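# Fold and geometry: a report
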Amino acid sequence: MKRTIPIPRVLERFFLVEDEDSLRELSHKLLESMGYTVIEAANGADAIRIAGQCVDPIQLLVTDVVMPGMSGRELAELLVASHSKMRVLYVSGYTDDVIVHYTMLEPGVAFLQKPFTLDDLAKKIQESLGVSNGTPENYLGGLQ
């Protein structure tokens with residue numbers, strides 16, 4: 001079976017926001033194992049504070065949809081407003097049908113259901129960044 005792990009471009013930085021400690025730690029390790037630089041936060045308030053201190057661009061926000069205090073959608077709206085080139089990948093233990101039905105997310109957004117494999121994560125990263133087969137398409141990351 002062919003592995004689909006993307007090759008990171010120069011200085012790709014991901015922001016991981018997950019309220020469950022063990023899942024955040026595992027996801028952080030998975031992203032780093034693929035060569036990405038990872039910044040993390042346990043909730044929306046911490047994420048906003050940390051993002052405000054980031055000087056370097058963040059190419060991808062990987063956020064849980066359902067979190068206490070602030071949803072992943074609310075967080076993404078706030079962060080993308082100040083980091084316009086940031087793409088978003090939502091993750092959740094709920095199915096995408098449930099998430100869309102309860103209007104937490106719009107249909108067609110980048111979504112990955114938990115639990116996921118390394119290959120699943122890699123494919124969604126490629127889709128989220130507009131990359132297919134290792135070739136950039138509308139890619140906004142890197143040094144831009």
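Our subject in this report is the structure included herewith. For clarity, every value in this text was computed on a predicted model and none was experimentally measured. (Residues numbered from 1 in each chain as written. Predicted model: local features only at pLDDT ≥ 70, side-chain atom pairs only at ≥ 80, totals over all residues. Heavy atoms only, no water.)

## Brief notes about the sheet that holds strand S3 (residues 60-64)
Think of a sheet as strands paired side by side through backbone hydrogen bonds, with each pair either parallel or antiparallel. Ordered in space as S2-S1-S3-S4-S5, the five strands form an open sheet in which the pairing is parallel. Each edge of the open sheet carries a strand with a single partner, namely strand S2 (37-41) and strand S5 (111-113). For this sheet the average axis-to-axis angle between neighbouring strands, irrespective of direction, equals 20 degrees. Two elements, strand S4 (residues 87-92) and S5, share three bridges in a ladder whose sense is parallel. Paired with Tyr90 across the bridge in S5 is Phe111. (Pairing = 2+ DSSP bridges. Helix = DSSP H or I, 4+ residues; strand = E, 2+ residues; numbered from the N terminus. Axes fitted to C-alpha atoms, helices over the stretch in contact; angles between N-to-C directions.)

## Considerations on the packing of helix H1 (residues 21-33) against helix H5 (residues 118-129)
Between H1 and H5, whose axes approach to 11 Å, the crossing angle comes to 65 degrees. As the angle between them shows, H1 and H5 are arranged roughly perpendicular. For the element pair H1 and H5, the recorded crossing hand is right-handed. From H1, Leu30, Leu31 and Ser33 reach across to H5, where they touch Leu118, Leu121 and Ile125. Split into classes, the residues belonging to the contact of H1 with H5 amount to five nonpolar, one polar and no charged. (Parallel < 35°, antiparallel > 145°, perpendicular 65-115°, else oblique. Left-handed = near helix turned anticlockwise from the far one by under 90°. Contact = heavy atoms within 4.5 Å. Nonpolar A, V, L, I, M, F, W, Y, C, P; charged D, E, K, R; others polar.)

## Notes on the nonpolar core
Judged by nonpolar contacts, the single largest core of 20 residues is most densely connected at Phe15, Val17, Leu61, Leu75 and Leu79. Sorting the residues of this core by element identifies strand S1 (13-17), S2, helix H2 (44-53), helix H3 (72-82) and S4 as the ones contributing at least two each. The contacts of Val17, once residues within four sequence positions are left out, are Ala41, Asn43, Gly44, Ala47, Leu61, Val62, Thr63, Asp64, Met67 and Leu75. (Core = buried A, V, L, I, M, F, W, Y, C linked by side-chain atoms within 4.5 Å. Buried < 20%, exposed > 50% of the residue type's maximum accessible area, 1.4 Å probe, protein only.)

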